[in-house]
Amino acid sequence: MSSTLLDVFLSHARQTPARMALTFEHQHFTYGRLAERVTAFASAMQRRGLRPGERVALFLENSPDFVVAYLGTLYAGGVVVLVNTAYRQVELSHILADSGARVCVTGAAGAAELAPLKEQLPALEWLVTTEASTAPGPWPTVEMEALLAEGDATTTLPLPEGDQLAVLGYTSGTTGRSKGAMLRHRNLLANARAVTEAWGWTEWDRLLLTLPLFHTHGLMVGLHGTLLTGASVDLRRRFVASEVLEALCAERPPTLFFGVPTMYGRLVEEARRTGASPRPLRLMVSGSAPLSPQLFHEVEEVFGERILERYGMTETLMNTTNPYEGERRPGTVGMPFPGQEARVVDVRTREPLPAGETGEIEVRGPHVFAGYWQRPDATAESFDAEGWFRTGDLGMCDAEGYFHITGRARELIISGGFNVYPREVEEVLATHPAVAEVAVLGLPDADFGEQVVAVVVPRPEQPPPKPQVLADWCKERLASFKKPRRVVLAESLPRNALGKVQKHLLRERLTQG
Ligand code: MCA
Ligand code: AMP
């Protein structure tokens, strides 16, 4: 039996080379053609000296090149480091330095963004670019097609073992910088098997995928499920509601669509605006952020089907799912996937709680990651002696076994499915000369679910900073989705006896007025 997803993909390519795997804009890739490019990439990387376990960062938009670089790095024995394309200097320098990436695969814009970081990234030796760069950068660079031409598309390379590291998925923590979640090949395979079994995914499915491949949802649910089952994916560069709706109304619509709640909200709005009435698909899935019961019912009204909500994390991939056959309950995230466990424990005693009582959700099983890259302290804090992983999500399991997520034990804002840690934004705002103190929190937002709000105490001797100036200050340093959408000036911040900012009081103040 195969021990890696890569092995399963290569078997499909050998057995059904002419089967369609991937379409993107006007390009079509059968399993055979995709496997040739993947093999050429892997062989070229090895010829250029990439050794097993070395890190290759992908700082890339959705494209067939992403898929080739991803699978090709794994085939070469490398470890893929996923990087959100919205990331700017602060996030990029940290992730590339912390992972010690030796190579980065990126586009022309990515190469330009990286250029000023040369001195901070001594481990980074060369770049692969998927587009011709206009200006020469500080690193030796090879274009993707030239790299593929260096490799042998017909060779057979040794396959990585299930226990080998496959991916570092960077995920932020409440304190300090983001940490690399170490996912092994066997984690990827176990979770893809669980997901495809639970959702009845077969080789006949066609997935419309507009989620970014640089995060777990698009990559480890969308792409992995497709490759495991030998199905096909219609990959898009990005989500555009009108284009998705058009595809859903087409004569031969996809059978699967996965999205974050913001996407479903925009699809409902677009369908109402245009009067379009798409037929139900085999399956529509929502995840990455809470789907409100209201939106669940709106989707049912417009698309004639009940969305399936599931719950996952970078560290654990997919944890729980509403049933494929059976009742999909709005406001819940369902039960553990087959072969996996989930429970709710008391946050203080860590003892399991009975149905209906709220505590922290813990998970265990073959999908759970190996720990944080070079952070044994953080790893030890996240697991108990029996291997249960602390998710940091608060919730309860009802009498029928459905899990409900009711809150978060850690400070996290989820905006349109992207995670924002207040601390990271606070640190950047605190460096602005007109800011004396700052607190960042998430408030409800109709489109993104939550929005980033900053409460700022200006320095007394300066004119108060303009909200746009502070938003731009963040945008120059961090991903643009982390910038505050609203800046409120205050004379002071409410603090408790220990000096900790009482964000719940700020939240009450801001939502009331
Ligand atoms: C874009 N912008 C945002 C967001 N996205 N602001 C706040 N929150 C966001 N999520 C801002 C940009 O910074 C930009 O601002 C402006 O909106 C336009 O950017 P654009 O890229 O055109 O935005 P969009 O196309 O409207 O994007 C909305 C989106 C996108 C399609 C919903 O956010 C998205 O793809 N979200 C999915 C994220 C995802 O895959 N999450 C899964 C993580 P300006 O113009 O000022 O620069 S994995 C996970 O969470 C776990 C494992 C799980 O369970 O799945
Ligand atoms: P990330 O660390 O980016 O992988 O984000 C994982 C977090 O997203 C989880 O810990 C949850 O807080 C949140 N999440 C994912 N799916 C759901 C969902 N269906 N409902 C509520 N929160 C979710």
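Scoring rules and cut-offs
- Residues numbered from 1 in each chain as written.
- Chains lettered and ligands numbered in written order.
- Predicted model: local features only at pLDDT ≥ 70, side-chain atom pairs only at ≥ 80, totals over all residues.
- Heavy atoms only, no water.
- Pairing = 2+ DSSP bridges.
- Helix = DSSP H or I, 4+ residues; strand = E, 2+ residues; numbered from the N terminus.
- Contact = heavy atoms within 4.5 Å.
- Axes fitted to C-alpha atoms, helices over the stretch in contact; angles between N-to-C directions.
- Salt bridge = Lys/Arg side-chain N within 4 Å of Asp/Glu carboxyl O.
- Buried < 20%, exposed > 50% of the residue type's maximum accessible area, 1.4 Å probe, protein only.
- Near = heavy atom within 4 Å.
- Polar contact = N/O pair within 3.5 Å; in protein donor to acceptor, adjacent residues only side chain to side chain.
- Areas by Shrake-Rupley, 256 points an atom, 1.4 Å probe, with all protein chains shown as cover.
- Nonpolar A, V, L, I, M, F, W, Y, C, P; charged D, E, K, R; others polar.
- Core = buried A, V, L, I, M, F, W, Y, C linked by side-chain atoms within 4.5 Å.
- Parallel < 35°, antiparallel > 145°, perpendicular 65-115°, else oblique.
- Left-handed = near helix turned anticlockwise from the far one by under 90°.

> Explain the sheet that holds strand β15 (residues 317-321) here, please?
Within a sheet, adjacent strands bond to each other through the backbone by hydrogen bonds, running parallel or antiparallel. Here we have nine strands laid out as an open sheet, ordered β2-β1-β11-β10-β12-β13-β14-β15-β16, and mixed in their pairing. Looking at which strands have only one partner, the edges of the open sheet turn out to be β2 (27-30) and β16 (335-336). The sheet contact formed by strand β14 (residues 308-313) and β15 spans four bridges and is antiparallel. Each bridged residue has a counterpart across the sheet, and for R310 the counterpart in β15 is T321. Here helix α2 (residues 31-47) sits on the sheet and contacts β1 (20-24) and β2; the angle it forms with β2, its principal contact strand, is near 90°. With respect to the sheet, helix α8 (residues 216-229) is in contact with β1, β10 (206-209), β11 (232-235), β12 (256-259), β14 and β15, its orientation differing from that of β10 by roughly 160°.

> Looking at this structure, how should I read the pattern of salt bridges?
Two side chains bearing opposite charge may form a pair once their charged atoms approach each other closely. Tallied over the entire structure, the rule returns 37 salt bridges. Close ionic contact of R329 with E400 constitutes a salt bridge, the shortest N to O distance being 3.1 Å. Of this pair, R329 sits in the loop between β15 and β16 while E400 is found in the loop between β19 (389-397) and β20 (403-408), placing the two residues 71 residues apart along the sequence. Of the charged contacts, one joins R408 and E450 as a salt bridge, the two residues approaching to 3.0 Å between their closest N and O atoms. In this pair, R408 sits in strand β20 while E450 sits in strand β24 (residues 449-458), placing the two residues 42 residues apart along the sequence. For E450, a relative accessible area of 19% translates into the label buried. One connected set of salt bridges, linked through shared partners, spans R343, R350, E360, E362, D384 and R390.

> Sorry if this is basic, but what is going on with the site of ligand 1 here?
The full set close to ligand 1 counts 26 residues, and R266, S288, S415, S480 and K483 are the nearest of them. Contact distances for ligand 1 include 2.6 Å between an oxygen atom and a side-chain N or O atom of R266. At 3.0 Å from an oxygen atom of ligand 1 is found a side-chain nitrogen or oxygen belonging to K475. For ligand 1, whose accessible area on its own is 1,000 Å², the fraction buried by protein is 77%. Of all the secondary-structure elements, those providing two or more residues to the shell around ligand 1 are α8, α10 (261-274) and β14. For the shell around ligand 1, the per-class residue count stands at nine nonpolar, 11 polar and six charged.

> What exactly am I supposed to notice about the nonpolar core here?
The nonpolar side chains of soluble globular proteins are, as a tendency, buried together. Counting residues in each nonpolar core, the largest one holds 109 residues, and the members touching the most others are Y70 and W199. Per element, the largest residue contribution to this core is nine residues, and it comes from α2. Those residues in contact with W199 that lie beyond four places of it in its chain are V221, F258, R282, L283, V285, L308, R310, T321, Y324 and F337. Residues C104, A111, V456 and L470 belong to the second largest nonpolar core, which totals 41 residues.

> Help me understand the packing of α2 against helix α3 (residues 64-75), please; the structure alone is not making it clear to me.
Relative placement of two packed helices is described by the angle separating their axes and the distance separating the axes. Where α2 contacts α3, the two axes come as close as 8 Å, and the packing angle between them is 55°. By the angle between their axes, α2 is oblique relative to α3. Once α2 is placed against α3, the crossing between them reads as right-handed. Residues L34, R37, V38, T39, F41, A42 and Q46 of α2 pack against D65, V67, V68, A69, L71, G72, T73 and Y75 of α3.

> What is the right way to read the sheet that holds strand β5 (residues 103-106) from this model?
One open sheet holds the seven strands; their spatial order is β7-β6-β5-β3-β4-β8-β9, and the pairing between them is mixed. Where the open sheet ends on each side, the last strands, each with one partner, are β7 (141-143) and β9 (179-184). For this sheet, the mean inter-axis angle between neighbouring strands, taken without regard to orientation, is 25°. Sheet analysis places β5 next to strand β6 (residues 126-129), joined by four bridges and oriented parallel.

> How should I be thinking about the environment of E305 in this particular structure?
Structurally, the position occupied by E305 is in the loop between α11 (293-303) and β14. As for E305 and E362, which are separated by 57 residues in sequence, their C-alpha atoms are 31 Å apart. Leave out the neighbours within four places in its chain, and E305 touches P280, L281, R282, L283, M284, V299 and E300. Looking at E305, its side chain comes within polar contact range of the main-chain nitrogen of L281, at 2.6 Å.

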